[in-house]
Amino acid sequence: MYKSLVKSFFTWYISSIIKKDFSKFSYNRETFQKDRSILLLANHFSWWDGFMMYQVNRIHYRKNFYVMVTEENYKKVWFLKYLGAFPVKKHSRSMVRSLEYAGQLLNDPNNLVLIFPQGKLHSGTVKEVIFEKGLMNLINSSNKNFQYVFSASFVDYFENRKPTITSYLQNWEGAEFTSLQLIKSAYNKHYEHSRQVQSRIIV
């Protein structure tokens, strides 16, 4: 009961602060297979990123939301665990267990797992998104019957006092023996295309 109340409150709170702090938040609604779980890979450039993807999932995908966060943030922001967050401690034995847990979550078609492959915050102006090696441990811990979704998000102000944020979503079908390099290459093609689309917006 308590967990449900906390989750409901912060779900409302996230929606509320997004509306309050941004003039607009938009994303394209890609079709997806409801009978398969989703591995959502997103760039990580702000405190908002997880909340934005939580909102996308709540409105569009409507799956059980999970996100890997650093152990530091997991302890510091107490309510994250009620929103599907689970911790990872880098360069430790427990990191392998966290990656295996994330992979096993993907075996349930009702789940969506959000991963920031960069592993830490980077500027939103980077031209390439780096991928840390742990992603393959996660994938190989699953039955590989999930669907990939790439998200590339960008912030602009234009004529507004408050910023706008746009998330570009794309489905991607990985091969059975997909490598980290292949995923990274496919993601960065989407990221660069999205960045160019964003740069051509004129208000």
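Residues numbered from 1 in each chain as written. Predicted model: local features only at pLDDT ≥ 70, side-chain atom pairs only at ≥ 80, totals over all residues. Heavy atoms only, no water.

Chemist: Please provide a residue-by-residue account of helix H1 (residues 2–21), values included.
Modeler: For H1, spanning 20 residues, the distance from its first C-alpha to its last is 28 Å, which sits close to the expected 28 Å at 1.5 Å a residue. If you check which residues of H1 are buried, you get Val-6, Phe-10, Thr-11, Ile-14, Ser-15, Ile-17 and Ile-18. For H1, the angular spread of the buried residues around the axis is 165°, confining them to a single face. Across H1 from its buried face, at more than 90 degrees, point the exposed residues Tyr-2, Leu-5, Trp-12, Lys-19 and Lys-20. (Helix = DSSP H or I, 4+ residues; strand = E, 2+ residues; numbered from the N terminus. Expected span 1.5 Å × (residues − 1). Buried < 20%, exposed > 50% of the residue type's maximum accessible area, 1.4 Å probe, protein only. Arc of directions from axis to C-beta.)

Chemist: Explain the nonpolar core to me, and be specific about the residues and the numbers.
Modeler: Judged by nonpolar contacts, the single largest core of 34 residues is most densely connected at Met-52, Met-53, Tyr-61 and Leu-114. Secondary structure elements with two or more residues in this core: H1, strand E1 (24–27), strand E2 (38–42), helix H2 (49–61), strand E3 (64–70), strand E5 (111–115) and strand E7 (164–172). With six residues, H2 is the largest single contributor of residues to this core. When near neighbours in sequence (up to four residues on either side) are disregarded, Tyr-61 contacts Phe-32, Ile-38, Val-56, Leu-112, Val-149 and Leu-169. (Core = buried A, V, L, I, M, F, W, Y, C linked by side-chain atoms within 4.5 Å. Contact = heavy atoms within 4.5 Å.)

Chemist: Any details on the pattern of salt bridges? Residues and values, ideally.
Modeler: One pass over the full model with this rule turns up four salt bridges. Between Asp-21 and Lys-20 there is a salt bridge, with the nearest N and O atoms lying 3.7 Å from each other. Two residues, Glu-192 and Arg-195, come together in a salt bridge whose shortest N-O distance is 3.0 Å. Of this pair, Glu-192 and Arg-195 both sit in helix H6 (residues 180–199), separated by three residues, roughly a single helical turn. In this structure Glu-192 comes out as partly exposed when scored by relative accessible area, which is 24%. Judged by relative accessible area, which is 26%, Arg-195 ranks as partly exposed. (Salt bridge = Lys/Arg side-chain N within 4 Å of Asp/Glu carboxyl O.)

Chemist: How would you explain the environment of Ser-142 if you had to name every residue and give the values?
Modeler: Locating Ser-142 in the fold gives a position in the loop between helix H5 (134–140) and strand E6 (147–156). By relative accessible area, which is 10% here, Ser-142 ends up buried. Once the C-alpha coordinates of Ser-142 and Ala-102 are considered, the two residues, 40 residues apart in sequence, prove to be 8.2 Å apart. Not counting the four nearest positions on each side in its chain, Ser-142 is found in contact with Gly-103, Leu-106 and Asn-107. Within the local environment of Ser-142, its side chain forms a polar contact with the backbone oxygen of Ile-139, the two atoms lying 2.7 Å apart. (Polar contact = N/O pair within 3.5 Å; in protein donor to acceptor, adjacent residues only side chain to side chain.)

Chemist: Explain a nonpolar patch on the surface to me, and be specific about the residues and the numbers.
Modeler: Side chains of Phe-9, Trp-12 and Tyr-13 sit close together on the surface and give an oily, nonpolar patch of about 340 Å² of accessible area. The topology assignment puts Tyr-13 in helix H1. (Patch = residues over 30% accessible without salt bridge, like charges linked within 9 Å, V, L, I, M, F, W, Y side chains within 5 Å. Areas by Shrake-Rupley, 256 points an atom, 1.4 Å probe, with all protein chains shown as cover.)

Chemist: Tell me about the sheet that holds E5, residues and numbers included.
Modeler: Whether parallel or antiparallel, the strands of a sheet pair through hydrogen bonds between backbone atoms. Pairing is mixed in the open sheet, where seven strands are placed in the order E1-E7-E6-E2-E5-E3-E4. At either end of the open sheet lies a strand with only one pairing partner, and these are E1 and strand E4 (85–88). Across the sheet, the axes of successive neighbouring strands diverge by a mean angle of 20°, strand direction being ignored. Inspection of the sheet shows E1 paired to E7 by four bridges, in the parallel sense. In the sheet register, Ser-26 faces E7, and the bridge partner there is Thr-166. Sitting on the sheet, H2 touches E1, E2, E3, E5, E6 and E7, and the angle it makes with E1 is about 60°. Each of E3, E4 and E5 is contacted by helix H4 (residues 93–105), which is oriented at about 150° to E4, the strand it contacts most. (Pairing = 2+ DSSP bridges. Axes fitted to C-alpha atoms, helices over the stretch in contact; angles between N-to-C directions.)

Chemist: I'd like a description of the packing of aromatic side chains, backed by residues and values.
Modeler: Under the criterion given, the structure shown has 25 aromatic pairs. Taken together, a centroid distance of 5.7 Å and an interplanar angle of 45° make the contact between Phe-25 and Tyr-27 tilted. Assigned by exposure class, Phe-25 and Tyr-27 land together as buried. Geometrically, the ring pair formed by Tyr-187 and Tyr-191 is stacked, given 6.3 Å between the ring centres and 25° between the ring planes. Of this pair, Tyr-187 and Tyr-191 both sit in helix H6, four residues apart, which is roughly one turn of that helix. This pair shows no difference in class: Tyr-187 is buried, exactly as Tyr-191 is. The rings of Tyr-2, Phe-9, Phe-10, Trp-12, Tyr-13, Phe-22, Trp-47, Trp-48, Phe-51, Trp-78, Phe-79 and Tyr-82 are connected pair by pair, giving a single aromatic cluster. (Phe/Tyr/Trp six-rings, centres within 6.5 Å; stacked < 30°, edge-to-face > 60°.)

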